[in-house]
Amino acid sequence: LVPLLARRGEATALVQLLRPAADSDEAETEVWSAVALANAATAAALALRDAGVVSAERVLLFAPSSPRWIIACLALLRLGAVPVLVDSQADPADLAHIATVSGARWAFTAAHLTARLAGATGERARGDALAPILLDSGDAGGEQAAGADGPITLADLAGTLDPSAAAARQVDAAGLPEPADADAEALLFFTSGTSGPPKGVPLTHRNLLANLAAVLTEDLVSDGDRLLLPLPLHHAYPFSVGLLVPLAHGVPVVLPQALTGPALARALHAGDVTLILGIPRLYGALMGAVERRIGAGGAVVRMAFGGLLGLATWLRQRAGLDLGRLLFAPLRRRVAPQLRLLISGGAALDPALGARLEGLGWTVATGYGLTETAPILTVVRPGERRFDTAGRALPGVELRIGPPPGARPGEDADEVSAAETGAGEVQARGPNVFSGYLPSADGTGANADTFTDDGWFRTGDLGRLDGDGWLYLGGRVSSRIVLAGGENLDPESVEARLDAHPVIAESGVLADDGALAAVLVPNADAARHADAEALRQTLRAAAAAALRDAPSWRRPTHIEVDARPLPRTRLGKLRRRRLRERFDALRHGEARPDAAGLMPLEDLAPDDRTLIDDPAAARVWRWLGERFEDQRITPDTDPRLDLGIDSLEWVAVGIELQQAAGVALDEGAIGRVETVRDLLREAAAAGSAPPELADDDLEGWLEKPEAMLDRDQLARLAPLGGGMALLAAVLHTLSRWLMRWWFRLDAAGMAHLPPAGPFILAPNHESALDPIAIAAVLTPARRRNTFWGGFTGIMFASPVMRLVSHAFRVLPVAPDERPITSLAYGAAALARGSMLVWFPEGQRNPGGEIGPFRPGVGSLARAQRAAVVPCLLRNTGAALPPGKLWPRRRRLVLRMGPVADPAMLEQEGSGADPAARIADAVRKRVLALDASLEN
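Residue indices follow the written sequence of each chain, beginning from 1 at its first position. The predicted nature of this model means local features are confined to residues of pLDDT at least 70 and side-chain atom pairs, given and counted, to a pLDDT of 80 or more, with totals for whole chains, interfaces and linings taken over all residues. Here the side-chain values reflect all heavy atoms present in the structure, with hydrogen atoms and water set aside.

Draft legend 1. Geometry of the pairing of strand β18 (residues 457-465). A pair of strands is labelled paired if DSSP reports no fewer than 2 bridges between them. Where helices and strands are cited, they refer to DSSP runs of H or I of at least four residues and of E of at least two residues respectively, numbered from the N terminus. Across four bridges, strand β17 (residues 424-429) lies against β18 in antiparallel orientation. Directly across from Q427, in β18, lies its bridge partner R458. Summarising the sheet, β18 and strand β19 (residues 471-476) pair through four bridges and their orientation is antiparallel. Residue pairing across strands places D461 opposite R476, the latter belonging to β19. Two successive antiparallel strands, β18 and β19, enclose a turn made up of five residues, where G469 displays a positive phi of approximately 90°.

Draft legend 2. Summary view of the side chain of R782. With respect to the helices and strands, the residue R782 is situated in helix α30 (residues 780-784). Comment: no salt bridge for buried R782; closest opposite-charge side chain is D901, at 17 Å. For the purposes of these results, a polar contact is taken to be a pair of N or O atoms within 3.5 Å, where, inside protein, one atom must be able to donate a hydrogen and its partner to accept one; residues adjacent in sequence count only when each atom of the pair is a side-chain atom. Within polar-contact distance, the side chain of R782 engages the backbone oxygen of P754 at 2.7 Å. Sequence-distant contacts of R782, that is, excluding residues within four places in its chain, are made with L753, P754, P755, A756, F759 and M835. Exposure is judged per residue with a 1.4 Å probe applied to protein chains only, and the accessible area is read against the type maximum: over 50% gives exposed, under 20% gives buried, and values in between give partly exposed. Counted as positive: Lys and Arg. Counted as negative: Asp and Glu. His and the chain ends are not counted at all. The salt bridge criterion pairs a side-chain nitrogen of Lys or Arg with a carboxyl oxygen of Asp or Glu, the two atoms within 4 Å. By definition, residues are in contact when any of their heavy atoms lie within 4.5 Å.

Draft legend 3. Focus on the nonpolar core. Ranked by size, the top nonpolar core spans 113 residues in total, and within it L48, W69, F108 and F239 carry the most contacts. When residues in this core are grouped by element, the largest group, twelve residues, is from helix α2 (residues 34-51). Beyond its immediate sequence surroundings of up to four residues, W69 is in contact with L61, A63, P64, L85, L135, L233, H234 and F239. The nonpolar core is taken to be a set of buried Ala, Val, Leu, Ile, Met, Phe, Trp, Tyr and Cys residues, with the residues joined through side-chain atoms within 4.5 Å.

Draft legend 4. Here's a closer look at the packing of helix α22 (residues 615-627) against helix α25 (residues 676-685). The geometry of α22 relative to α25 is characterised by a closest axis approach of 7 Å and an angle of 140° between their N-to-C directions. Here α25 runs oblique to α22, going by the angle between their axes. Classified by chirality, the crossing of α25 by α22 is right-handed. Here A616, A617, V620, W621 and L624 of α22 come into contact with α25, specifically with V676, L679, L680, A683 and A684. Note on geometry: axes are C-alpha line fits, over the in-contact stretch for helices, and angles between N-to-C directions span 0 to 180 degrees. Here roughly perpendicular refers to angles of 65 to 115 degrees, roughly parallel to angles under 35, roughly antiparallel to angles over 145, and oblique to all remaining angles. Each crossing gets its hand from how the near helix is turned against the far one by less than a right angle, where anticlockwise is left-handed and clockwise is right-handed.

Draft legend 5. Region of interest: the sheet that holds strand β16 (residues 398-402). Read from one edge to the other, the open sheet built from four strands follows the order β16-β17-β18-β19, with strand pairing classed as antiparallel. Two strands in the sheet have a free side with no partner beyond their single neighbour: β16 and β19. Sheet twist, expressed as the average angle between the axes of neighbouring strands with direction ignored, equals 45°.

Draft legend 6. Focus on the pattern of salt bridges. Scanning all chains against the criterion turns up 38 salt bridges. Across the pair D183 and R206 runs a salt bridge whose closest N-O atoms are separated by 2.7 Å. Of this pair, D183 sits in the loop between α7 (163-168) and β7 (185-190) while R206 sits in helix α8 (residues 205-216), and the two are 23 residues apart along the sequence. Its salt-bridge partner being R895, residue D746 comes within 3.0 Å of it at the nearest N-O pair.

Draft legend 7. Up close: the packing of α2 against helix α3 (residues 67-79). Contact geometry of α2 with α3 gives a least axis separation of 8 Å together with a crossing angle of 60°. By the angle between their axes, α2 is oblique relative to α3. The way α2 lies across α3 gives a crossing that is right-handed. Residues L37, A40, A41, A44, A45, L48 and R49 of α2 lie in contact with α3, whose contacting residues are I71, L74, A75, L76, R78 and L79. Among the residues forming the contact of α2 with α3, the class breakdown is eleven nonpolar, no polar and two charged. As a working rule, the residues Ala, Val, Leu, Ile, Met, Phe, Trp, Tyr, Cys and Pro are called nonpolar, Asp, Glu, Lys and Arg charged, and the rest polar, with Gly in that last group.

Take it as geometry only, folks, not as evidence of what the structure does.
Okay, structure coming up:
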C-alpha cells in the first residue's frame, strides 16, 4: 500500500479536521497527500528497523485514531512487522492479556495512555515492560508513566510530521524488505471479548487483499468521493472498509476532530463528505437529530414531515421511486451537503431505520462479517434495500448453513419462530477466512470448535439462506439462552422489545436458575426523580408492558436495576460475560453504582469511553472527579441539579476549568451543557485556554471588562443620542406618574445613595414592575448616569422592549447563555463611575420570598471596588404577577438601606469564597429591611 501511495503523488489521501481557532467558526484541517503519507511511513519504517524492530515482529498500536496512528501502522506494514491493533479504552486486564499473548516488545501509544500501558503490562512473564513510542509529542495533558524517561516519538522516527515537509522529502527505501509472502501474518486483531477474554485473530496479507478486492467490486466508492471515518481503527470493519478500501481506490479519508455531534456536523460540511462509514447507533443518532430539528417547528410541521417521510419511504421500498431525494433536498443540504451513501456495519441495522434514511433521499448499504473473515462476508448493495437481511455473499465467499450447535432431536419448531432460531449455524469459506486463533495466555489451543471437519469456519451466528442467496440472521450461538423448560430464545430479540420502552435506556437478559432474568438501566429522567424502590417498581412495570403479549417464559422473572451503562464493546455489542458478573454483584448487593467519585472507565458506555479518548475531555473528566469528590459523577450527571452549578456560577467553573484543565469554554458552549456528557463534548470541541488568561481569577478579568466586549457590545455603553435621551425622559416621567398616582409608591432611604459612583443598587426581585418603581424615585440626573441589568428574555424579546431598553441603558443579562458577557457589561458600567441596578437573585420570586443572591454581585463589587446599596421591594409581585399584562392596583413599598463597601460585606457574610460572602451579606441586609417593615 505504501508504494501505491507514493505513486499517487500530491493527490489528497487523508484529511484531519482540527479544532476551530478561538476567534473563528471555520474548520481548520490537516491535509496529507498520498506521497506525504508514504514518505512519513517509509522514514518511520527505516528508523524502526535501525531501532531493532524486525520483520514479522508484533508491535502494539494502543492509541486513538489519528493521522499519526495511520502513519505508524503503514510504517509497520512497510517494514514487514505486524501491527497489533488495540482498543485505546481497553481495561487493564484485557490490555495485559493482549500484551502477553502477542509477545510484543514495542507499543505505539499516546502520552496520556503511557501510565495505563505501563500499569497493565509492566509485570509480564518475561519481566520487562513494553517500550513506548509516542504518537504525540508528550504535551497532550496525560500522565507519563512513572520512570518513563523521554520516550521516543513518531516525529523522531519519521523526521517530520508536517504534511508539507513530508511531501517534499526524498526518502530512500533501500534496505526495507520486499512485499511479504501472501500467507505471512499481516495484522493481529483481538476480538471484543463479549463472552470471554479477547482472542487473537491473525490475518494474512492474502486474507486482507482478498476481501479488499471483493469489496472494491461492489462500487461502494468511486472517483470524487470523500469518506468520513468516525469509527476507531482497532476494529477490522473500519480498518478494512474505512481505511484500506479508500486508500487503495484513491478516495480521501476524512477524520473528524472529535466524536461529538458538532464535530461530526463540522466534518460533514468542511470535509465535503460524500460517504459515511458508521454503525447503526450513529445512524440512529443522525435520524434523531433530523427529527428533533423538524420537531422544533411545532406539531403541525412535525406531523407534515412524518406523513411525507412515510410516503417517501413507502414509495422507495415498494416502487423504487426516490421521492425523498427531491422532497427533502433542503434538509439534506443543511445536514450534509454532499452526502450520498451511508455504509453501516458492526451490528445489524434496524430495517425500519434503513428504510427511513433512504426515504430522506440518502442511499444505504450494509454488510455482515467478522474479524475472522477480514471482515466482510455479505453485502446489501446500494439500491437493493433488503435491510431485513444480512445481504448476499461477496465474490469469492462461500456460505452454507450447518446444524445449530446443541440442537435437540425432535425439537418442536413451533415453539420458537424461525426468525429467532434460524435454520442453523452460518459457516463460511474463502480466501478471506483466517486460519485460526492465537494460543491462549497459558499456551493452550483456542481452535477446537472453530472449523468443521471439512474446513468451513463456524461463525457462531445462527441464520438461514433463501433460494436467492439472501442471508437472514437470528442471533449468536454463544448468547442463546436455554431455559429449564427447554425453551430456546435469542436474548437480543427480548432486549430489543425492552429497549423500545421509553423508561428503559437499555437492557441485558440472561438465564438465572433456569428462568429468564434481566438487568435494566433506566433513562436519566426516571433515575433522577425516583427513589430506589420506586424506580425498581417503575422498571418492572415497564418490562411487563413491553413484553405483555409474549409467552411467560420470555418475560424476566428476576430484574436488577443499575444506573450504570451495561458493559459493551466500542461497537456497541453487549459483553455477556460481564453482564453475568454485573447481575450477580447487583443481586448480592456487592455493586455500588451510587458510590462517590467518577464512574469507573470500564462501566462507561462505548460512546462515552470514546469521548474520553480526547485529551481535553479526559482532563475535564479528571477535574470533575477532583472538584466534586463527594459526588457521584457519571456522563448523565446534571451539573445544575446534581452538582449545584447554576447560571452565573458557570463563570467561576469556567475559570477553574481553564486553570486546572486548560480548556476554554465560550458562553455558547456553557449554554449548551445540560449533562456532564455535554460538558465533555464541549471540552473536546473547544480550544486550549488563552495563556494570558489561564492564571487569572474572575475578578481579574472583570477589572478590565472592556477587553471582554466587542465593538457592538461596547456601543451599548455609549452616551445616548438626542432622540433616545428624549424618549428616556418621557418614559421616566411616565414611570414617576404611574408609581405616584396609581400604585401610591411608599419609598424611603434614597438618601443612602452615594452622590457619585461606582456603586451597585441590589434589590430583591418580585415583578417586572421592580425597575419601574426604582426609576420613579431617581432624579433625572441620577437616571442619566444609571445602567440596568435586564434579562434578555424580557427586555430584548420584542422591538418595543428593545427600544425601551436602549433608552433606559439596559444591559443584556443572559445568565444561562452568556454569563461572562453579562458580568462584563456590569463591570464596564461601573468602570464608567455609574450606578448599576443589578438583581442578584437572577429570577423573579412573585410570592415575596427572597431567594439566595448569586455571587455575581460580589464579583462585580470586588473587581470594580464598588459599594453596594441594598434595596427592598414589596407587593410588586401581587400587583403584576408573571403572565399578567395589566397590573392590579396595590400599594407598593420601596426601601433602600445604608451603603457598604465590599470589604465590610465580605466580613459580614458566609460562603465558600469572597464573592459568595458578599452576596450573602447583601441578602441579609435586604432581609433586615424587610424585618424593619414588620416592626
